[in-house]
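Listed below, chain by chain, are the residues.
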Amino acid sequence: MPLFHILERYIVSNVTKMPVENIFRVPYCRFTNSSLCYKTLTFADHIIPAYLFDLWTRVMGGKPVLAGVYDKLHRAISSLDHFTSNSWEFVSENPAKLSEIMHAEDKKAFSYDIKAMQWEKYWENYVLGTKQYVLKEELSGLPDARKRLQRLRLIQYLLNATLFLLVWRLLIARTHFARKLWQFVVGLSQKFVVGLPKVTRSP
């Protein structure tokens, strides 16, 4: 599995397990090699929601801040472009030579073999440390943060389902192919339900 895909899994898993207290959106992380894909996802998933939320905040009499937060986030990510978009190969023979002459007890006491590193545990500690020492959040607030995340997930599912139904309804209304496909799916579903074995309750 590519390194970035492993990072995606570790980051999302741990941020979901230990969400921040004022979480605003469901955690999501994706690495891509395509600049066009990155810019499209950034515009659709960051910029549009941020400005819509800030517009709603302004209408309600609040101070819009989300667009500014995302702007800082994008600038921080851009500062790492050189390192995330390139790769290097370093030759280091001294650690291998040192490992050959070290005693077993010394290797155990001063382990520096990166291959033995438990990356999943590393990212768990990384996220936990960020929450405690950077964001200054107490672990006692985790249950409430997780409940908030569950509510956000439910809202996201409902919004996605509503958007899908609206787009599908427009397609059905405008295209003959979509109507035929919908009729086929509905008919197939009905046949499947009718064909299910009936469960009878014995007296």
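Glancing now at the environment of I6. Assignment of secondary structure puts I6 in helix 1 (residues 3-17). Between the alpha carbons of I6 and W119 there is a distance of 9.5 Å; along the sequence they are 113 residues apart.

Volume-wise, the largest pocket comes out at about 2400 Å³. Considering the residues around the largest pocket, the lining is formed by 49 residues, among which Y28, C29, H46, L73 and I77 are closest to the centre. Within the residue set of the lining of the largest pocket, elements represented by two or more residues are helix 1, helix 2 (35-59), helix 3 (66-78), helix 4 (81-84) and helix 7 (119-134). Of the residues forming the lining of the largest pocket, the biggest block, eight residues, is contributed by helix 2.

What follows deals with helix 3. The terminal C-alpha atoms of helix 3 lie 18 Å apart, and with 13 residues this matches the ideal 18 Å at 1.5 Å per residue to within 8%. Residues L66, A67, Y70 and H74 constitute the buried set of helix 3. Seen end-on, helix 3 carries its buried residues on one side only, within an arc spanning 95°. Across from the buried face of helix 3, at angles greater than 90 degrees, the exposed residues are K72 and R75. Considering only its buried residues, helix 3 is in contact with helix 2.

With that settled, consider the pattern of salt bridges. Evaluated as defined, the whole model comprises four salt bridges. For K121, the salt bridge is made with E124, and the minimal N-O distance between the two is 3.8 Å. Pair noted here: K121 and E124 are both in helix 7, with a separation of three residues, about one helical turn. With relative accessibility at 41%, the residue K121 sits in the partly exposed group. The exposure class assigned to E124 is partly exposed, which follows from its relative accessible area of 23%. Between K131 and E137 there is a salt bridge; the shortest N-O distance is 2.6 Å. In this structure K131 comes out as buried when scored by relative accessible area, which is 2%. Judged by its relative accessible area of 11%, E137 falls in the buried class.

How each quantity is defined
Residues numbered from 1 in each chain as written. Predicted model: local features only at pLDDT ≥ 70, side-chain atom pairs only at ≥ 80, totals over all residues. Heavy atoms only, no water. Helix = DSSP H or I, 4+ residues; strand = E, 2+ residues; numbered from the N terminus. 1 Å grid on protein atoms, 1.4 Å probe; cavity = no way out; pocket = protein on both sides within 12 Å on 5 of 7 lines; lining within 4 Å. Points joined across faces, edges and corners; volume = space filled by probe spheres on them. Expected span 1.5 Å × (residues − 1). Buried < 20%, exposed > 50% of the residue type's maximum accessible area, 1.4 Å probe, protein only. Arc of directions from axis to C-beta. Contact = heavy atoms within 4.5 Å. Salt bridge = Lys/Arg side-chain N within 4 Å of Asp/Glu carboxyl O.

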